[in-house]
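One-letter residues, chain by chain:
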Amino acid sequence: MDIPDTLRYARSHEWVSQPEDGVVTVGISAFAQDQLGDVVFVELPAVGDEVAAGDAVAVVESVKTASDIYAPLTGTITAVNDALENAPERINEAPYEDGWLFRLQVDDPAAREGLLDADAYRAVCEEEA
Amino acid sequence: MRYAPHTEEDVRRALDAIGAASVGELFADVPAELLDPELDLPEPMDEVALMDHLQALAARDDARSPSFLGGGVRRHFLPAVTRHLAMQSEFVTAYTPYQPEVSQGVLQATFEYQTIMSELTGLPVSNASMYDGASAVAEAALLAMRATRRDRIVVSRGVHPESREVLETYLHALDAEIVVVDLDDLATPVPGDLDGAAALIVQNPNHLGRLETMDALADAAHAAGALFVSVVDPLSLAILRTPGEVGADIAVGEGQPLGVPLQYGGPHFGFMVVTEALVRQLPGRLVGETRDVDGRRGFVLTLQAREQHIRRGKAKSNICSNHQLAALMATVNVAALGPHGLREMAEGTVRNAHALADRLEGEGYEVVRSGPFFAEFPMRVSRDPRALRRDLQRAGVRAGLPLPPEYGLGDAVLITATELTRPADVDALLAALRAVGERPEEVAHG
């Protein structure tokens with residue numbers, strides 16, 4: 001399972017990129033997209049939404065189920081991946097690249113350090129697999 | 001269908017989990033006299049006595065008496081084939097099936113229903129129908145709030161008062177604001193304050209029978225970033241511009257005029273049809289066409305991730321069934337009548353309603369007019385309209401739906417005609433009005 005070392009992870013299977021000017025990119029992990037199956041629809045937050053860590057901010061719908069996506073950190077949504085509207089399969093094909101969900105201007109960049117690193121997240125996946 | 005009830009063990013575990021000692025404890029908030037009231041029922045009867053009793057009750061039915069009552073539910077022609085086909089035992093269920101794909105016939109009929117509603121409203125996506133027109137209006141408001149992330153609903157006073165009551169009930173526990181727009185000369189003016197509105201809801205024809213300028217209202221809603229909800233009489237769409245043509249985002253309404261008997265006020269069905277952009281927010285069930293493994297045409301419930309059994313508490317709506325048989329009856333009826341038959345019924349309705357208004361005016365009654373109307377119109381009367389309706393019913397005519405004071409028309413009733421209204425019925429109405437002492441010169445003008 002592809003779990004890049006450069007990213008941080010939430011226990012609820014979102015990944016968080018390294019911040020650039022306080023902005024992180026968020027998506028779901030390769031493990032999560034594999035568990036969901038073929039993604040058919042994504043409901044994204046609105047740019048400008050202020051979200052708190054743990055808020056349900058998006059929905060990823062697969063042929064099997066619909067799952068909430070939680071904000072891994074507190075901040076403001078600065079961009080969403082509109083391309084997913086017509087090509088939700090990008091989440092399955094490239095969860096860490098074209099399949100990103102939204103960008104977040106985080107209130108406290110240091111809070112990212114509180115998320116799981118790749119090794120810890122790998123352990124979570126093994127537990128749940 | 002087989003039902004497996006909870007075992008005593010299941011019940012005990014559930015009670016333990018929520019910390020309740022007994023099932024009865026869960027109802028402790030309900031006053032005891034309401035929970036288990038003494039029912040004043042007659043003694044049991046044997047089958048022979050019961051049949052006699054029911055026949056005696058049926059003989060009192062005056063369903064064939066001339067009727068001028070409307071307000072969303074009217075008597076229309078139902079060809080014999082409609083009742084015959086809709087009452088096939090394979091179809092007689094109140095619900096969309098819970099194991100839907102084994103019931104291909106019901107799903108196909110529902111797919112046809114959705115196609116008909118889509119064609120009638122000029123909007124692409126119809127759900128499998130809803131409970132009634134009023135709850136469909138409320139669901140449209142909820143949909144608009146989800147889609148726009150706003151919590152202000154602007155609704156015309158021309159929307160049926162009972163639909164607005166249901167809307168208030170549905171929105172009661174939400175952090176939502178309902179603003180009612182007063183009518184001006186029986187019609188809805190373009191509201192001045194649409195800022196922050198999730199939806200503008202307008203009924204056409206409105207509760208006073210008057211046609212609204214839907215395109216201007218839709219434009220105003222869109223200019224404010226609100227959705228436009230068009231509450232329509234489905235039969236009127238055979239001759240009026242469709243919600244799709246005037247730019248509505250959501251069309252809802254009461255389906256009864258399309259082919260459901262009056263049935264003492266229900267069950268009927270509601271409908272909801274939306275633009276493609278809103279499909280993921282659509283409440284209720286949705287049937288789609290597909291192919292099976294052998295490439296044969298088949299039908300499935302589709303986009304179910306919106307619904308309760310998958311999304312639980314985050315479902316788009318708590319509606320999980322509909323009035324399937326009533327919707328199916330309308331489907332058969334519309335198929336039997338065809339576009340030509342529907343148009344004839346709608347035109348007959350307009351013709352008879354206008355002839356009736358002219359006749360009443362000719363006799364000196366005060367019909368309230370302000371512009372084009374479809375099947376009904378207000379008429380001022382000289383006494384409490386509820387008393388008048390009771391008196392008329394005793395005189396053998398059902399007429400005079402009371403119009404509430406909010407319309408500012410004084411003592412006034414709604415008078416309705418359909419393509420079934422005969423000249424003899426109109427004569428009977430005039431005779432009944434005279435017989436109960438309702439004479440034109442006594443109407444208080446105001």
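Predicted model, so just to flag it, every value in this text is computed and none were measured.

With that out of the way, let us pick up the environment of Thr 418 of chain B. Residues and elements named next belong to chain B. Checked against the element boundaries, Thr 418 lands in the loop between β13 (412-416) and α13 (423-435). Thr 418 gets classed as buried once you count the C-beta atoms within 10 Å, which come to 23. Among residues more than four places away in sequence, those in contact with Thr 418 are Arg 74, Arg 75, His 76, Thr 349, Asn 352 and Ala 375.

This part is about the domain arrangement of chain B. Interface size is often expressed as the accessible area that is lost when the parts come together. Residues and elements named next belong to chain B. If you check the domain split of chain B, you get domain 1 (80-332) and domain 2 (338-442). Domain 1 and domain 2 are separated by 28 Å when their C-alpha centres are compared. Listed as interface residues are 15 residues of domain 1 and, on the opposing side, 19 residues of domain 2. Split into classes, the residues belonging to the side of domain 1 that touches domain 2 amount to nine nonpolar, two polar and four charged.

Attention now goes to the interface of chain B and chain A. Between chain B and chain A, the contact holds five residues from the first and six residues from the second. Considered class by class, the residues forming the side of chain B that touches chain A number two nonpolar, no polar and three charged.

Residue and element names in this part refer to chain B. Listing the buried residues of helix α12 (residues 385-394) in full gives Pro 385, Leu 388 and Leu 392. Across the axial projection of α12, the buried residues extend over an arc of 55°, all falling on one side. On the buried face of α12, the contacting elements are β12 (401-402), β13 and α13. In the stretch just after α12, Gly 396 is the one whose phi turns positive, near 95°.

So, about the nonpolar core. The biggest cluster of nonpolar side chains holds 108 residues, and the ones touching the most others in it are Val 137, Ala 140, Ala 199, Leu 200, Ile 201 and Val 229 of chain B. With 16 residues, helix α11 (residues 324-362) of chain B is the largest single contributor of residues to this core. Ala 32, Val 51, Leu 84 and Leu 104 of chain A belong to the second-largest nonpolar core, a separate cluster that totals 32 residues.

What follows covers α11 of chain B. All names here are of chain B. For α11, built from 39 residues, the straight-helix expectation of 57 Å at 1.5 Å per residue is missed by more than 12%, its first-to-last C-alpha distance being only 44 Å. For α11, the principal kink sits at Gly 338 and spans about 95°; a proline, Pro 339, occurs within the next four residues. Remark: Gly 364 follows α11 within two positions and exhibits a positive phi of approximately 100°.

What follows is about the pairing of strand β7 (residues 270-274) of chain B. Residue and element names in this part refer to chain B. With five of five residues buried, β7 lies mostly within the body of the structure. Sheet topology note: the strand β1 (residues 125-126)/β7 ladder contains two bridges and is antiparallel. Across the sheet, Ser 126 pairs through a bridge with Val 273, a residue of β7. Relative to β7, strand β6 (residues 250-254) runs antiparallel, the two being bridged by five bridges. Bridge pairing links Ile 250 to Val 274 in β7.

Conventions and cut-offs
Residues numbered from 1 in each chain as written. Chains lettered and ligands numbered in written order. Predicted model: local features only at pLDDT ≥ 70, side-chain atom pairs only at ≥ 80, totals over all residues. Helix = DSSP H or I, 4+ residues; strand = E, 2+ residues; numbered from the N terminus. Buried ≥ 20, exposed ≤ 12 C-beta atoms within 10 Å, placed from the backbone. Contact = placed C-beta atoms within 7 Å. Domains from an automatic or database assignment. Nonpolar A, V, L, I, M, F, W, Y, C, P; charged D, E, K, R; others polar. Arc of directions from axis to C-beta. Core = buried A, V, L, I, M, F, W, Y, C linked by C-beta atoms within 7 Å. Expected span 1.5 Å × (residues − 1). Bend = angle between axes of the 7 residues up to and from the residue. Pairing = 2+ DSSP bridges.

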